[in-house]
Amino acid sequence: MKFLFDLFPIILFFAAYKFYGIFTATAVAIGATFAQIGWVWFRHRQVDKMLWISLAIITVFGGATLLLHDETFIKWKPTVLYWLFASVLLISQVVFRKNLIKAMMGKQMVLPENIWHRLNLGWTTFFTVVGFVNLYVAFNFSTDTWVNFKLFGILGLMLVFILGQGVLLAKYVVEVEEDKDAQ
């Protein structure tokens, strides 16, 4: 359910684009992101930093798209967001010696430090590459193709990446379960 909630602005953007075009879809995505934050605040009295960052980026790039009537800005938005994610993951690991992937998932699984490092590097690489792929599709194909890619292509790439991680992590999950059985 949380996954669908996170996709709420993207799904509304996609639907609005199909019926009304890129500029209406951009306004809908901005409004949907504000609504999403409002709902989270209403329910939990606290909003995750990533939602605030997403709101700031959609407001700046979406606002520029609407103000200047130029779809280039909204096409850059996913790349900026993905590159920001990649930068935060890499900088936190290299500069602050804090693995954010481990911080988010460390309570759910026990992994060797080198695997946590590889996961962090894997997500950093994934977000960097997807940012470049978004730009390639945005500026070498039609807006219609880019909108379809934004919803289905990026989701597909993420699904394949997560499944690949599952294969990598399966070895360690089995070892943890065996260690618990031995105790």
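The rules behind the values
Residues numbered from 1 in each chain as written. Predicted model: local features only at pLDDT ≥ 70, side-chain atom pairs only at ≥ 80, totals over all residues. Heavy atoms only, no water. Phe/Tyr/Trp six-rings, centres within 6.5 Å; stacked < 30°, edge-to-face > 60°. Buried < 20%, exposed > 50% of the residue type's maximum accessible area, 1.4 Å probe, protein only. Helix = DSSP H or I, 4+ residues; strand = E, 2+ residues; numbered from the N terminus. Lys NZ or Arg CZ within 6 Å of the ring centre and 35° of its normal. Core = buried A, V, L, I, M, F, W, Y, C linked by side-chain atoms within 4.5 Å. Contact = heavy atoms within 4.5 Å. Salt bridge = Lys/Arg side-chain N within 4 Å of Asp/Glu carboxyl O.

A. Structural detail: the packing of aromatic side chains. The final tally for this structure, using the stated rule, is 15 aromatic pairs. Their ring planes at 75 degrees and their centres at 6.3 Å tell us that Trp76 and Trp83 sit as a pair that is edge-to-face. Since its relative accessible area comes to 25%, Trp83 is described here as partly exposed. Between the aromatic rings of Tyr82 and Phe127, the centroid separation amounts to 5.9 Å while the plane-to-plane angle is 10 degrees, which identifies the pairing as stacked. Separated by 45 residues along the polypeptide, Tyr82 in helix α4 (residues 72-94) and Phe127 in helix α6 (residues 113-140) bring together distant segments of the chain. Of the residues examined, Tyr82 reaches a relative accessible area of 12% and is grouped as buried. Through pairs of rings, three or more aromatic residues link up here, namely Tyr82, Phe85, Trp123, Phe126, Phe127 and Phe161. If you follow Lys150 out to its NZ or CZ, it ends over the ring of Phe13, 5.3 Å from the centre.

B. Main features of the nonpolar core. Within the largest apolar cluster, 42 residues are counted, with the highest numbers of intra-cluster contacts made by Phe13, Ile22, Leu111, Trp123, Phe127, Trp146 and Val147. Every element with two or more residues in this core is listed here: α1 (2-20), α2 (22-44), α3 (49-68), α4, α6 and α7 (143-182). Once you skip the residues sitting within four places of it in the chain, Phe127 turns out to touch Tyr82, Trp83, Phe85, Ala86, Leu89 and Met158.

C. Just the pattern of salt bridges, in detail. A full pass over the atoms with the stated rule returns three salt bridges. Residues Asp144 and Lys18 are paired through a salt bridge, measuring 3.0 Å at the closest nitrogen-oxygen approach. Residue Asp144 is found in helix α7, and its partner Lys18 is found in helix α1; the two are separated by 126 residues along the sequence. Overall, Asp144 belongs to the partly exposed group, its relative accessible area being 35%. A salt bridge links Lys75 to Glu71; its shortest N-O distance comes to 3.0 Å. On the basis of relative accessible area, Lys75 is assigned to the buried category, the value being 5%. Owing to a relative accessible area of 23%, Glu71 belongs among the partly exposed residues under this scheme.

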